[in-house]
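Chains, contacts and geometry: an overview
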Amino acid sequence: MAAPGKGLEGVVAAETALSDIEGKKGILSYVGYDIHDLAPNAVFEEVIYLLHHLELPTPRQLDEIKDQIAREREPNEFAAQLMPYLAEKCAPMSMLRTAVSASSATDPDGWDTSEEANYRKAIRLCAVLPTMVAQYDRLRRGERIVPPDPTLSQAANFLYMLKGDKADDESARIFDTCLVLHADHTMNASTFAARVCAATLSDIHSAITAAIAALKGPLHGGANEQVMRMIKEIEEPSRARDYIVNRLNKKEKVMGFGHRVYKGEDPRATHLRRMAKELAEKTGDGRNYEISQEIEKAMMDEKEIYPNVDFYAASVYGYLRIPTDLFTPVFACSRISGWTAHVREQYADNRLIRPDHAYVGPAPRDWVPLSQR
């Protein structure tokens with residue numbers, strides 16, 4: 001049997017109606033809607049509805065899901081009691097993985113795995129993840145927890161809970177667009193991990209815990225943090241090219257560039273670059289954006305490699321004053337919409353995911369007794 005591409009490249013792991021990529025054309029779509037239409041027009045709550053219902057909501061349906069999300073933003077009692085300890089002892093993604101797992105213990109739907117209960121759990125998880133991240137950050141900094149504001153959107157509410165003051169409309173809009181851009185991305189590592197777990201008919205909290213564990217790795221969600229650390233290390237735009245050339249000469253990876261699927265520019269990077277520029281102009285601090293521009297030029301000149309979603313997301317989050325080590329949890333606060341939709345899709349037409357293998361070990365050998373070894 002011929003071996004698949006390394007890392008299962010080229011292997012179709014599941015059928016999905018949720019998102020699609022045409023890598024050679026640089027196209028990403030959610031349920032048939034191009035990301036270039038969704039990014040400037042949709043709000044994140046619309047995308048949550050779209051991914052779970054496969055249709056855009058009517059005004060009434062959008063109001064209903066906004067209300068449902070607003071009601072579910074508070075962590076349940078067990079997760080809330082655990083948060084001070086997690087804030088003291090855990091790194092951000094470890095906190096999120098543990099908090100999500102713990103929240104299953106006292107979920108209002110208990111261990112009901114019906115389709116209706118799983119939908120309620122999915123929306124509950126979409127609602128509560130940003131609260132967990134914001135509360136964790138406030139607690140670790142010794143600041144009071146800011147309760148969710150039910151009058152605010154998911155994007156604006158997160159920034160409010162994180163900083164303690166309400167974001168201006170432009171910042172909230174830009175962050176909302178970030179959530180839209182990160183909501184789903186076909187069969188990436190974390191989504192695949194969630195579907196593998198769900199395919200065993202494990203519960204939805206377990207599947208999302210598996211997804212968070214996969215996102216935690218620097219080759220997946222952790223890349224945006226590394227981009228910001230690189231920008232801070234470079235310090236000045238004039239130093240960017242030499243820094244990049246030096247890394248490339250030492251055969252070190254430059255995070256935020258290249259993608260397994262896209263052959264040209266990641267379409268999400270197009271919007272994030274624009275928003276990074278908008279925020280640089282708005283704040284009057286162009287340094288991070290200018291460094292990013294110089295890094296991008298150097299990578300194109302030296303390797304002809306385009307930036308991916310992580311590259312300009314780092315600058316955008318930095319301008320929004322989100323702590324660098326929260327970049328990956330913030331990614332999860334968006335991707336939870338896609339993860340939960342994929343898990344429900346897996347349950348709806350399930351088959352245990354059990355790939356074949358290509359054995360590369362020794363040929364059959366005779367047993368040697370312990371006394372003769």
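Just above, that's the structure.
Residues numbered from 1 in each chain as written. Predicted model: local features only at pLDDT ≥ 70, side-chain atom pairs only at ≥ 80, totals over all residues. Heavy atoms only, no water.

1. Things to note about helix α14 (residues 287-303)
- Between its terminal C-alpha atoms α14 stretches 24 Å, which fits the 24 Å expected from 17 residues at 1.5 Å a residue.
- Taken residue by residue, α14 has Asn288, Tyr289, Ile291, Ser292, Ile295, Glu296, Ala298 and Met299 as its buried positions.
- Contact partners of the buried residues in α14: α11 (223-234), α12 (240-249), α13 (267-283) and α15 (309-319).
- Phi turns positive, to about 55 degrees, at Glu304, one or two residues after α14. (Helix = DSSP H or I, 4+ residues; strand = E, 2+ residues; numbered from the N terminus. Expected span 1.5 Å × (residues − 1). Buried < 20%, exposed > 50% of the residue type's maximum accessible area, 1.4 Å probe, protein only. Contact = heavy atoms within 4.5 Å.)

2. Quick look at the pairing of strand β2 (residues 27-30)
- Note that strand β1 (residues 19-22) and β2 share 4 bridges and pair antiparallel. Looking across to β2, one finds that Ile21 is bridged to Leu28.
- The loop that links β1 with its antiparallel partner β2 comprises 4 residues; one of these, Gly26, has a positive phi angle of about 70 degrees.
- Strand direction decides the pairing type here: β2 and strand β3 (residues 33-34), joined by 2 bridges, are antiparallel. From the neighbouring strand, Tyr30 faces β3, where its bridge partner is Tyr33.
- Hairpin remark: β2 followed by β3, antiparallel, with 2 residues in the connecting loop; positive phi at Val31, about 50 degrees. (Pairing = 2+ DSSP bridges.)

3. Some remarks on the sheet that holds β1
- On the basis of which strands lie adjacent, the open sheet formed by 3 strands has the order β1-β2-β3 and antiparallel pairing. With partners counted over all chains shown, the strands left at the sheet margins are β1 and β3, one partner each.

4. Concerning the packing of aromatic side chains
- For the coordinates displayed, the defined rule picks out 6 aromatic pairs.
- On the basis of an interplanar angle of 65 degrees and a centroid distance of 6.3 Å, the ring pair of Phe175 and Tyr317 is categorised as edge-to-face. Separated by 142 residues along the polypeptide, Phe175 in helix α8 (residues 169-181) and Tyr317 in helix α15 bring together distant segments of the chain. Tyr317 shares its class with Phe175; the two are buried.
- Centroid distance Tyr289 to Tyr312: 6.3 Å. Interplanar angle 45 degrees. Geometry classified as tilted. (Phe/Tyr/Trp six-rings, centres within 6.5 Å; stacked < 30°, edge-to-face > 60°.)

5. Some details on the pattern of salt bridges
- Throughout the structure, instances matching the rule amount to 28 salt bridges.
- In this structure, the salt-bridge partner of Lys25 is Glu22, at a minimum N-O distance of 3.6 Å.
- Judged by its relative accessible area of 34%, Glu22 falls in the partly exposed class.
- Ionic pairing is found between Arg273 and Glu265, a salt bridge with its closest N-O pair at 2.6 Å.
- A relative accessible area of 16% means that Arg273 is categorised as buried. (Salt bridge = Lys/Arg side-chain N within 4 Å of Asp/Glu carboxyl O.)

6. Brief notes about the packing of α11 against helix α16 (residues 327-348)
- At a minimum axis distance of 7 Å, the contact between α11 and α16 shows a crossing angle of 145 degrees. The two elements α11 and α16 meet at a crossing, and its hand is right-handed. Together, Asn224, Glu225 and Met228 of α11 and Phe327, Thr328 and Phe331 of α16 make up the contact between the two elements.
- Considering only residue class, the contact of α11 with α16 consists of 3 nonpolar, 2 polar and 1 charged. (Axes fitted to C-alpha atoms, helices over the stretch in contact; angles between N-to-C directions. Left-handed = near helix turned anticlockwise from the far one by under 90°. Nonpolar A, V, L, I, M, F, W, Y, C, P; charged D, E, K, R; others polar.)

7. Looking at the state of the cysteines
- Counted under the stated rule, the structure contains 0 disulfides.
- Free cysteine Cys197: the closest other cysteine sulfur is in Cys126, separated by 17 Å.
- Residue Cys197 is classed as buried on the basis of its relative accessible area of 17%.
- Cys126 supplies the cysteine sulfur nearest to Cys333, a cysteine that is in no disulfide, at a spacing of 10 Å. (Disulfide = S-S within 2.5 Å.)

8. A word on the packing of α11 against α14
- Contact geometry for α11 and α14: axes closest at 10 Å, N-to-C directions at 100 degrees. In terms of orientation, α11 and α14 fall into the roughly perpendicular class. From α11, Met228, Met230, Ile231 and Ile234 reach across to α14, where they touch Asn288, Ile291, Ser292 and Ile295.
- Its residues assigned to classes, the contact of α11 with α14 shows 6 nonpolar, 2 polar and no charged. (Parallel < 35°, antiparallel > 145°, perpendicular 65-115°, else oblique.)

9. Some points on unusual backbone geometry
- The phi angle at Glu235 is positive, at roughly 75 degrees, despite the residue not being glycine.
- Positionally, Glu235 belongs in the loop between α11 and α12.
- Taking the relative accessible area as the measure of exposure, Glu235 reaches 44% and is therefore partly exposed.
- The phi dihedral of Arg321 is positive, around 65 degrees, even though this residue is not glycine.
- By the element assignment, Arg321 lies in the loop between α15 and α16.

10. Some words on the nonpolar core
- In this structure, Phe175, Ile295, Val316 and Ile322 are the most contacted members of the largest nonpolar core, which totals 103 residues.
- The dominant element in this core, judged by the number of residues it contributes, is helix α6 (residues 115-140), at 12 residues.
- Not counting chain neighbours up to four residues away, the residues in contact with Ile295 comprise Met230, Ile231, Ile234, Ala240, Ile244, Phe257 and Phe311.
- Core analysis: the next-biggest nonpolar cluster, separate from the first, contains 5 residues, Val146, Leu152, Ala156 and Ala172 among them. (Core = buried A, V, L, I, M, F, W, Y, C linked by side-chain atoms within 4.5 Å.)

11. Side note on the environment of Pro150
- By the secondary structure assignment, Pro150 is in the loop between α6 and α7 (154-163).
- Take Pro150: its relative accessible area is 57%, and that puts it in the exposed class.
- Sequence spacing of Pro150 and Arg71 is 79 residues, and the spatial spacing of their C-alpha atoms is 7.2 Å.
- In this structure, Pro150 is in contact with Ala70 and Arg73, ignoring residues within four places of it in sequence.

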